[in-house]
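Residue-level listing of the chains:
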Amino acid sequence: MKHSICMVSDFFYPNIGGVESHIYQLSQCLIERGHKVIVVTHAYGNRSGIRYLSNGLKVYYLPIQPVYNQCILPTVFTTLPVIRNILLRESINIVHGHSAFSALALESIFHARTMNVKAVFTDHSLFGFADLSSILTNKILKFSLAGVNHAICVSHTCKENTVLRGKIDPSDVSVIPNAVDASVFTPTSTERDPEKITIVVMSRLVYRKGADLLASVIPEICSRHSDVQFIIGGDGPKRLAIEEVREHFQLHDRIRLLGTVGHSAVRQVLVRGDIFLNTSLTEAFCIAIVEAASCGLQVVSTSVGGIPEVLPPDMIQLAEPSATSLVESLDKAIAKRRNCQLLSPDGAHDWVRKTYTWQNVAERTEIVYDKISAATEVTLADRLHRYNKCGLVAGKIFIFIAALNYLLLILCNWISPVQNIDLAVDCRKLRRLKTSGVNLEQSS
Amino acid sequence: MAMSCDRSRKKWQKVLYKDQGVSDNYVDESFLEEMKKNLHIRTYEFWAVVRESNVVMQQIYSVWIFVAVYFHMRNFVLTPQFLFEMSSAVTIVGYIVNFVILHENALTKSRWKDGKTMGIFLILGFSLSPILMTLTKTISTDTIYAMTFFMLLANLLFHDYGTDAAIVSQAFSLNAAIFASICLASRLPTTWHAFSLVTFAFELFALWPILRRNLKIILSFLLGSVVTVSVATVSSVAVVVFLLLHLFITILCPAWLIRLQPYKNNIHGPWDEAVIKQ
C-alpha cells in the first residue's frame, strides 16, 4: 500500500546535521519505494516557499522565521491553518515528525491528529529527568505522544528513555536505527601514514562531547606511544583546552587541530586515520562512529547511551567515561593495530554497507506506516481521555488546548471549505510518465 | 513442548546490528532492566532538620529586628544615639569574637585595613546621609512599605544559607536589604536617624551573617526572645504573625519535607549523561 507522507521538522536542508540527513535520506528511499513524500520546514533566511529536491521531493519552506535554537516560536494554534492547507492539498495520510526539540514537528503532529490524519514521531535524542528544563520538555512530550499513533526511536536505550519520559506503551514504540550512505564513506589505504598510528577525532569541542576527557587522554597516550598522532576536526568552546594541552606538553607536531570541517570534507579527514576516538558523555545513536567504521577505522568510544548497541565488539573498543579507562582501551586498540589484528578496512566497510542502509530503514518505517494505516480511528472523546492522563492539572490544560484546536479546525473548515482547496499535482504521476518514456511535450 | 521451543530461541540481545527475527516494537523481558530508582536518597531525621532550619530562621530574625527597630525609632522610643552606640559596641565585640575564633595571625596590617574601611564608611555614610534620606522622600508611604517588603523578601530568598543552589546571590541579597533600609530611612525625621538606621542595617545584614557562620552556635533561643520582645512592643498582631511564621518554618516545614520523601521518584539509567570519573 502506497502512502502520502509528510515529513515535518525544524531541522532540514540547507542546515546540515544528523536529523536533517536522516529526513532527506529516508524521504528519498521512501520515494524509491513508490510513496509520495513531502517535507515541511520553516524558512531559512530568504529561502521561503516551495522548492523541489532530487526525485521530486517537494519541500515547503513555511514563511515562519526561527527564533531560538533553529526552531520556530511555539504558538500551538497559529500553525493550524497552514498545516491544514498543506495536508489537504497534498492529500496526506501520514504525518511524520522528527526530533523532540522541533516545535514545528510537535505542533504539526497535534494538528494532524485533530484532523484525524495518522501521525508518527521519531525521537533522535536522549533526555534527563531531574532538571527544570527537562521536566517541562517531558511534559510537552507526554502531550505530543498521547496523541501520536506510533513512535520510532533510533536505539533501544532511546526507546527506554522515550517510554519513561512520555509514559507510553512500549509496544507503541519501534526501534529503527539510523543509517549511513556507505557509498560516500569508503576506505582508502593510500591516505594513511604507514609509519605512524593516526587517531582521528571528529566532534564539536563542547563539554557534552567529552572534550575534557579528550584533553586528559591526549598527553597520556602521546607519552606512552611515540608513533601516535592525533587529528582533531571540529570547533567549540573547549578548543582552548586542547590547545593548552598542546602547548604545555609540546605536542605541536603530534596534534593537528583542523577547526570546523565541512560535511563534504569529513570523509577526507576520516580516511587518514587508523583509529577513531569518540569521547561523548551522552549519545542516542552516534552516527559518527558508523561513518568512521564505514571508512575502515577501528573505533574507541565511551560506553554511554546507545553506543554499545551500534557496533559489534570486534569493531569497537568500549570504555568507561574516565580518562584511565579510555587510555586503556586506546592502548588495546593501538596494540591490535601494531599486531595487525584489526578487521580489514574493506571488511569493516562491507559490514556497514550491508547492515546500516537507508533502504532497510525505509522498509521498516513502511511497516510502521502500514500498521497505523490499518488501525481503527480514535474518536475525539478517546483522544481527550488520553490527554487527561498526562497529569492532574496538566491533563485538564491539555484537554482544553485539544478541544480549542478542534473548534478552530471547524472554523477553518467553514472559512475555507475542503472542496475549494485545489489538490497539488502528484509528482509520482510525472515520474511514471517520464520512466515509461512518454514525451510530456507531445501530450499537451 | 513449549520449553524446548524456548531453549532453541536464542536470548534477545540489546543490539541494533542483528536481525533477531522479532518485530521492531518487540518488548523483551529485559526492557528497563538497567533502570535504577532513587539511588542517592538521603534519609532525614526530624530533629536534625529542625536544627538545620534555624539557618533560615536566623536571617528572618535579622529582618524582623530591623523592622522593629525602625518602628521603635519612628515612635521615638529608640533614640538614634542609643542605636548607634549599641550597634557599634556590639559590632566591636563581634569583631573581636570573630578574630578570636578564627585564630588569625595578628597581622596588624589587616586590623589597620579593617579600621580604615570602617572609618571611611562612617565618614561617607554620615556625609551622604542627608542625600540618602531625601532619595525616596517624595514617594508615598504605602509604596515605600510595599517596596521594603519586597526588598526584604528578596533578601531572604537570595541569601546564602550554605547551599549550592543557582538562586543564591549574596550580593543581590545584601543590596536588597540596604535598599530597604534606605527606603525606610526616608520616613524618619532627622539625618541622624537615617544614618544610624543605615549603619545598623549594614551591620545586621553584611557583618552579622559572617560572624553567625563562624560561630555555629545556636543562639536561637536568645535571639528569638529578643525579637519577640521588640516586636511585641510595636504591635501585638505582628508578634502573633511572627510566632506563627516561626512555628511554620521550624516545625511544619521539616515535617512536610519528611512526609514527602516516600514520593521521591529519581530515575537513573544508561540514558543519563555520563559523569566523568576521576
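Definitions and cut-offs
- Residues numbered from 1 in each chain as written.
- Chains lettered and ligands numbered in written order.
- Predicted model: local features only at pLDDT ≥ 70, side-chain atom pairs only at ≥ 80, totals over all residues.
- Heavy atoms only, no water.
- Helix = DSSP H or I, 4+ residues; strand = E, 2+ residues; numbered from the N terminus.
- Rg over C-alpha atoms; globule rule 2.2 N^0.38 Å.
- Buried < 20%, exposed > 50% of the residue type's maximum accessible area, 1.4 Å probe, protein only.
- Areas by Shrake-Rupley, 256 points an atom, 1.4 Å probe, with all protein chains shown as cover.
- Lys, Arg positive; Asp, Glu negative; His and termini not counted.
- Charge placed at Lys NZ, Arg CZ, Asp CG, Glu CD.
- pLDDT = per-residue confidence, 0-100.
- Contact = heavy atoms within 4.5 Å.
- Polar contact = N/O pair within 3.5 Å; in protein donor to acceptor, adjacent residues only side chain to side chain.
- Expected span 1.5 Å × (residues − 1).
- Salt bridge = Lys/Arg side-chain N within 4 Å of Asp/Glu carboxyl O.
- Pairing = 2+ DSSP bridges.
- Axes fitted to C-alpha atoms, helices over the stretch in contact; angles between N-to-C directions.
- 1 Å grid on protein atoms, 1.4 Å probe; cavity = no way out; pocket = protein on both sides within 12 Å on 5 of 7 lines; lining within 4 Å.
- Points joined across faces, edges and corners; volume = space filled by probe spheres on them.
- Buried area = accessible area lost by both parts, 1.4 Å probe.
- Nonpolar A, V, L, I, M, F, W, Y, C, P; charged D, E, K, R; others polar.
- Right-handed = clockwise from strand over helix to strand, strands pointing away.
- Phe/Tyr/Trp six-rings, centres within 6.5 Å; stacked < 30°, edge-to-face > 60°.

**Student:** Sorry if this is basic, but what is going on with the overall build of chain A here?
**Tutor:** A tally of helices and strands in chain A yields 16 helices and 14 strands. Taking 444 residues into account, the globule formula puts the C-alpha radius of gyration at 22 Å, and chain A, at 24 Å, falls close to it. Seen through its C-alpha atoms, chain A measures out along the principal axes to roughly 75 × 65 × 40 Å. Per-residue burial over chain A gives 56% buried out of 444 residues. Carbon and sulfur atoms form 57% of the exposed surface of chain A, whose accessible area is close to 19,100 Å². Between the averaged position of the 45 positive side-chain charges in chain A and that of its 40 negative side-chain charges there is a distance of 6 Å.

**Student:** Can you walk me through the confidence of the model for chain B in this structure?
**Tutor:** A low pLDDT means the predicted coordinates there should not be read in detail. All names here are of chain B. Across chain B, pLDDT averages 84, with 92% of residues at or above 70. When pLDDT is averaged over each helix and strand of chain B, the minimum, 47, is found for helix H1 (residues 2-8) and the maximum, 92, for helix H6 (residues 141-158). Low pLDDT (under 50) marks residues 1-7, which in the prediction has 0 contacts with non-local residues, meaning those over four places away or in another chain. Here the predicted complex scores 0.80 on pTM and 0.81 on ipTM.

**Student:** Explain the side chain of B:Ser87 here, please?
**Tutor:** Residue and element names in this part refer to chain B. Within the secondary structure, Ser 87 is located in helix H4 (residues 80-102). Residue class for Ser 87 comes out buried when judged on its relative accessible area of 8%. There is a polar contact of 2.8 Å between the side chain of Ser 87 and the backbone oxygen of Leu 83. With near-sequence residues (within four places) excluded, Ser 87 lies in contact with Phe 200 and Glu 203.

**Student:** Help me understand helix H3 (residues 103-114) of chain A, please; the structure alone is not making it clear to me.
**Tutor:** An α-helical turn contains 3.6 residues, so any two residues separated by three or four positions project in the same direction. Residues and elements named next belong to chain A. Here H3 contains 12 residues, and its C-alpha end-to-end distance of 17 Å stays within 8% of the 16 Å for a straight helix at 1.5 Å per residue. Of all the 12 residues making up H3, 12 are buried; the element is thus mostly covered by neighbouring parts of the structure. Residues of H3 that are buried: Ala 103, Leu 104, Ala 105, Leu 106, Glu 107, Ser 108, Ile 109, Phe 110, His 111, Ala 112, Arg 113 and Thr 114. With its phi angle positive at about 60 degrees, Asn 116 sits one or two positions after the end of H3.

**Student:** Explain the pattern of salt bridges here, please?
**Tutor:** Any two side chains of opposite charge can pair, so long as their charged atoms come close to each other. Residues and elements named next belong to chain A. Under the definition given, this model contains 20 salt bridges over all chains. Of the charged contacts, one joins Glu 366 and Arg 33 as a salt bridge, the two residues approaching to 2.7 Å between their closest N and O atoms. Linking Glu 366 in helix H12 (residues 358-374) with Arg 33 in the loop between helix H1 (18-32) and strand E2 (36-42), this pair joins segments that are 333 residues apart in sequence. Relative accessible area serves as the criterion here: at 13%, Glu 366 is assigned to the buried category.

**Student:** Before we go on, may I ask you to explain the sheet that holds strand E5 (residues 94-98) of chain A in this structure?
**Tutor:** Working definition: the strands of a sheet are paired by backbone hydrogen bonds and lie parallel or antiparallel to each other. All names here are of chain A. Sheet architecture is open: 8 strands sit in the order E3-E4-E2-E1-E5-E6-E7-E8, paired in mixed fashion. Unpaired on one side and paired on the other, strand E3 (49-53) and strand E8 (173-175) mark the two borders of the sheet. Put simply, the sheet's adjacent strands are angled 25 degrees from each other on average, direction ignored. Inspection of the sheet shows strand E1 (residues 4-8) paired to E2 by 5 bridges, in the parallel sense. Within the sheet, the bridge partner assigned to Cys 6 lies in E2 and is Ile 38.

**Student:** Could you clarify how one ought to interpret empty space enclosed by the protein in this entry?
**Tutor:** Remark: the empty space left among the atoms is shown by a probe the size of a water molecule rolled over them. Residue and element names in this part refer to chain A. Applying the stated criterion across every chain yields a total of 5 cavities of 30 Å³ or more. Approximately 100 Å³ is the volume attributed to the largest cavity. Around the largest cavity, the lining is made up of 14 residues, and of these Lys 36, Val 37, Gly 56, Cys 427 and Arg 428 lie nearest the centre. Broken down by secondary-structure element, the contributors of at least two residues to the lining of the largest cavity are E2 and helix H15 (427-435).

**Student:** Even after reading the chapter, I still don't get unusual backbone geometry, so can you show me in this structure?
**Tutor:** A negative phi holds for most residues other than glycine; trans holds for most peptide bonds. All names here are of chain A. In the segment running from Tyr 13 into Pro 14, the intervening peptide bond is cis, with an omega of 15 degrees. A positive phi angle is found at Ser 99, which is not glycine, with a value near 75 degrees. Tracing the backbone through its elements, the reader meets Ser 99 in the loop between E5 and H3.

**Student:** Whenever I open this one, the interface of chain B and chain A confuses me. Can you help?
**Tutor:** Accessible area lost upon the coming together of the parts serves often as the stated size of an interface. Contacts between the two partners involve 22 residues from chain B, matched on the other side by 43 residues from chain A. For the pair chain B and chain A, the summed buried surface comes to about 2,700 Å²; carbon and sulfur atoms form 63% of the total. Contact with chain A buries area across many residues of chain B, yet B:Leu16, B:Tyr17 and B:Trp271 alone supply 29% of it, more than any other trio. Counting the contacts that link chain B with chain A gives 3 salt bridges. In terms of residue class, the side of chain B that touches chain A is built from 15 nonpolar, 2 polar and 5 charged.

**Student:** Quick question: what am I supposed to make of the layout of surface pockets here?
**Tutor:** All names here are of chain B. Roughly 1,500 Å³ of internal volume is contained in the second largest pocket. Taken together, 46 residues form the lining of the second largest pocket, with Ser 87, Val 90, Thr 91, Glu 203 and Leu 207 sitting closest to its centre. At the level of secondary structure, the elements contributing two or more residues to the lining of the second largest pocket comprise helix H3 (54-74), H4, helix H5 (108-135), helix H8 (191-215) and helix H9 (220-232). The dominant element in the lining of the second largest pocket, judged by the number of residues it contributes, is H4, at 16 residues. Among the residues making up the lining of the second largest pocket, the classes are represented as 29 nonpolar, 13 polar and 4 charged.

**Student:** What is the right way to look at H1(A) in this model?
**Tutor:** Residues and elements named next belong to chain A. Its 15 residues place the ends of H1 21 Å apart at the C-alpha level, agreeing with the 21 Å of an ideal helix rising 1.5 Å per residue. The buried fraction of H1 is high, at 11 of 15 residues. Of all the positions in H1, only Val 19, Glu 20, His 22, Ile 23, Gln 25, Leu 26, Ser 27, Gln 28, Cys 29, Leu 30 and Ile 31 are classed as buried.

**Student:** Help me understand the confidence of the model for chain A in this model?
**Tutor:** When pLDDT is averaged along chain A, the result is 91, and 98% of the positions lie at 70 or above. Averaged pLDDT values for the elements of chain A fall to 51 in helix H16 (residues 440-443) of chain A and rise to 96 in E5(A).

**Student:** Honestly, the pairing of E5(A) in this entry has me stumped. Any pointers?
**Tutor:** Moving residue by residue along a regular strand, the side chains alternate between the two faces of the sheet. All names here are of chain A. Within E5, 5 of the 5 residues are buried, which leaves it mostly tucked inside the rest of the structure. Both faces of E5 are covered, namely the face carrying Ile 94, His 96 and His 98 and the face carrying Val 95 and Gly 97. Where E1 lies against E5, 4 bridges are found, and the strand directions are parallel. Bridge assignment links Met 7 to a residue of E5, and that residue is His 96. One crossover worth recording links E5 to the parallel strand E6 (residues 118-123) by way of H3, and it is right-handed.

**Student:** Teacher, can you tell me more about the packing of aromatic side chains here?
**Tutor:** Any two aromatic rings considered together are summarised by their centre-to-centre distance and by the angle between their planes. Considering all chains together, one arrives at 26 aromatic pairs over all chains under this definition. Ring plane angle 50 degrees and centroid distance 6.4 Å describe the contact between B:Phe71 and B:Tyr145, whose orientation is recorded as tilted. Taken together, the positions of B:Phe71 in helix H3 and B:Tyr145 in helix H6 put the pair 74 residues apart, joining distant regions of the chain. Three or more aromatic residues joined by ring pairs form one cluster here, namely A:Phe110, A:Phe143, A:Tyr387 and A:Phe398.

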